[in-house]
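The chain contents come next:
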Amino acid sequence: MWIYEKKLQYPVVVDTCNPTLAAMLLEQFGGADGELSAGIRYLTQRWTMPTNKAKGLLTDIGTEEMAHWEIVGTLAWKLVKDASVEQIKGTPFEAHYVNHGKSPFPHDAAGAPWTASYIQSKGDPIADLHEDMAAEQKARATYEWLISISDDPGVTDTLRFLRQREIVHFQRFGEALRIVQEELDSKKFY
Amino acid sequence: MNREQVCLLKEIMEISFVLDETALYLDTHPNDEKALRLHNSYAQRYSEMVSLYEAKYGPMKNHSMSQYPWAYINDPWPWEFDYSLC
């Protein structure tokens, strides 16, 4: 089970009112390589992991991804909460606004709703851990594109933190893959 | 929300992040005694700081004890804090 703690993993400071940037950040809220995909993917893969190290890692990284999802939602919220309708009209956030108001929603930057087809759980630990490593790299790349378009110093600071976490997770998944490979190899007798 | 609360919360968030990081590392390196000592010392600090925070500002978790009336629901919620205050 999970217990909520009333804190964010990182102190989110937003310096501007910027509906366009909010719309783009939703890529990581409900896009293919976003935080929701990451969390659901890792937590779903746990049941068929053969080693305790990998079970623990998927549990903890999956949980951290939900905290990142909360951070991205907070970034998007803080960028629009004080926006007037006039400030929203004509921006890419306008299409979001007519359906969801100022609430974040799990769709990507272009508005495509989140779907489970973004993730996979093969019941095969080698395939799953490779997918997880690729997912971390794709999320890192997305954060780099987002950093390149961000003109809000506070948002950029938080995006840098999230990008760094992708790199750490990639490293840990690489270790888990080696551990699982060794475990499977040790069970082979000729 | 006052500056003092934001400062204490940010200190807790910092310690909590250390624990996020040591926990992931220990998941794949459970026999690293030095890392485990680091984790344990921050885990102790974390629970001390959370007790201090909860005594002043109410529950961080719905499993914590609360004064009357139930203070878990009090604002600010994590997405409402002005973290630039501290």
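Residues take numbers from 1 onward in each chain, read along the sequence in its written order. Key to labels: chains lettered from A, ligands numbered from 1, both in the order written. Where local features are concerned, this predicted model is filtered to residues with pLDDT of at least 70; where side-chain atom pairs are given and counted, the filter is 80 or more; whole-chain, interface and lining totals use all residues. Hydrogens and water are ignored here; the side-chain numbers use all heavy atoms of the structure.

## Some points on the packing of aromatic side chains
Part 1 of the argument: For Phe, Tyr and Trp, rings pair up if their centres lie within 6.5 Å, where Trp contributes its six-membered ring, and each pair is then called stacked (planes under 30 degrees apart), edge-to-face (over 60) or tilted (otherwise). All chains considered together, the criterion is met by 11 aromatic pairs over all chains.
Part 2 of the argument: Looking at Lys6 of chain A, its charged tip hangs above the ring of Trp77 of chain B, at a distance of 4.4 Å from the centre.
Part 3 of the argument: Only when the NZ of Lys or the CZ of Arg is both within 6 Å of the ring centre and within 35 degrees of the ring normal is a charge said to sit over the ring. It is Arg46 of chain A that lies over the ring of Trp47 of chain A; its NZ or CZ is 5.2 Å from the centre.

## Brief notes about the UniProt feature "binding site: Mn(2+)" (unreviewed entry) in chain A
Residues and elements named next belong to chain A.
Part 1 of the argument: UniProt positions are given in the numbering used here, feature names are shortened, and annotations may be inferred rather than shown by experiment. Here, the residues flagged by UniProt with the feature "binding site: Mn(2+)" (unreviewed entry) are Glu35, Glu65, His68, Glu136 and His169. For the residues just named, distributed over 135 residues, the greatest C-alpha separation is only 12.9 Å, placing them together at one site. Narrowing the list just given to those that line the largest cavity leaves Glu35, Glu65 and Glu136.
Part 2 of the argument: Summarising the element assignment, Glu35 is placed in helix α3 (residues 35–45).
Part 3 of the argument: For Glu35, a relative accessible area of 1% puts it in the buried group.
Part 4 of the argument: It only takes one pair of heavy atoms within 4.5 Å for two residues to be counted as in contact. The residues contacting Glu35, other than those within four sequence positions of it, are Gln28, Glu65, His68, Trp69, Val72, Tyr143, Leu162 and Glu166.
Part 5 of the argument: Here Glu65 shows up in helix α4 (residues 52–80).
Part 6 of the argument: Partly exposed residues are those whose accessible area sits between 20% and 50% of the maximum for their type, while under 20% is buried and over 50% is exposed, using a 1.4 Å probe and protein chains only. On the basis of relative accessibility, which here comes to 0%, the residue Glu65 falls in the buried class.
Part 7 of the argument: In this structure Glu65 touches Glu35, Ala38, Gly39, Tyr42, Glu136 and His169, once residues within four positions along its chain are discounted. Cavities and pockets are found on a 1 Å grid laid over the protein atoms alone: a cavity is a set of points where a 1.4 Å probe fits but cannot escape, a pocket is an open set with protein on both sides within 12 Å along at least five of seven lines, and a lining residue has an atom within 4 Å of such a point. Helix numbering and strand numbering both begin at the N terminus, where a helix is a DSSP run of H or I of at least 4 residues and a strand a DSSP run of E of at least 2.

## Quick notes on the UniProt feature "binding site: Ca(2+)" (unreviewed entry) in chain A
Part 1 of the argument: UniProt's entry tags Asp60 of chain A with the feature "binding site: Ca(2+)" (unreviewed entry), counted in the numbering of this structure.
Part 2 of the argument: The topology assignment puts Asp60 of chain A in helix α4.
Part 3 of the argument: In contact with Asp60 of chain A, other than residues within four places in its own chain, are Ala23, Leu24 and Asp27 of chain B.

## Side note on the interface of chain B and chain A
Part 1 of the argument: In this assembly, 32 residues from chain B lie in contact with 29 residues from chain A.
Part 2 of the argument: Carbon and sulfur atoms supply 63% of the area buried between chain B and chain A, which totals about 2,500 Å² over both sides.
Part 3 of the argument: A pair is scored as a salt bridge if a Lys or Arg side-chain nitrogen falls within 4 Å of a carboxyl oxygen belonging to Asp or Glu. Applying the counting criterion to the chain B and chain A interface returns 1 salt bridge.
Part 4 of the argument: Residue Glu21 of chain B pairs with Arg165 of chain A through a salt bridge whose shortest N-O separation is 3.0 Å.
Part 5 of the argument: We call two N or O atoms a polar contact when they sit within 3.5 Å, provided that within protein one can donate a hydrogen and the other can accept it, with sequence-adjacent residues counted only if both atoms are side-chain atoms. At the surface where chain B touches chain A, the tally comes to 9 residue pairs in polar contact (both at pLDDT 80 or more).
Part 6 of the argument: If you tally residues by element for the side of chain B that touches chain A, the top one is helix α1 (residues 3–28) of chain B, at 13 residues. What gets called buried area is simply the loss in accessible area from a 1.4 Å probe that two parts show on being joined, summed for both.

## Describing the nonpolar core
Part 1 of the argument: Nine residue types can take part in a nonpolar core, namely buried Ala, Val, Leu, Ile, Met, Phe, Trp, Tyr and Cys, and a core is a set of them joined through side-chain atoms within 4.5 Å. Counting 40 residues, the largest nonpolar core has Leu25, Val155 and Leu159 of chain A as its most contacted members.
Part 2 of the argument: Broken down by secondary-structure element, the contributors of at least two residues to this core are α1 (19–25), α4, α7 (125–149) and α8 (153–186) of chain A together with α1 and α2 (33–57) of chain B.
Part 3 of the argument: With 7 residues, the single largest contributor to this core is α1 of chain B.
Part 4 of the argument: If you look at the next biggest cluster of nonpolar residues, it comprises 15 residues, including Met133, Phe173 and Val180 of chain A together with Leu24 of chain B.

## Re the environment of Leu159 of chain A
Residue and element names in this part refer to chain A.
Part 1 of the argument: You can see Leu159 is positioned in helix α8.
Part 2 of the argument: Separated by 139 residues in the primary sequence, Leu159 and Thr20 have C-alpha atoms spaced 16 Å apart.
Part 3 of the argument: Apart from the residues within four sequence positions on either side, Leu159 is in contact with Leu25, Leu75, Tyr143, Leu146, Ile147 and Ser150.

## So, the layout of surface pockets
Over the atoms, a rolled probe matching the size of one water molecule traces out where space is still vacant.
Part 1 of the argument: Grid points are joined across faces, edges and corners, and a volume is the space filled by probe spheres set on the points. One number sums up the size of the largest pocket: a volume of about 1,000 Å³.
Part 2 of the argument: As for the largest pocket, its lining consists of 31 residues, and the residues nearest its centre are Ile3, Glu5, Lys7, Thr63 and Ala67 of chain A.
Part 3 of the argument: Residue assignment for the lining of the largest pocket shows that the elements contributing at least two residues are α4 of chain A together with α1 and α2 of chain B.
Part 4 of the argument: Gly is placed with the polar residues, together with every amino acid not listed as nonpolar (Ala, Val, Leu, Ile, Met, Phe, Trp, Tyr, Cys and Pro) or charged (Asp, Glu, Lys and Arg). Class assignment of the residues belonging to the lining of the largest pocket gives a composition of 17 nonpolar, 7 polar and 7 charged.

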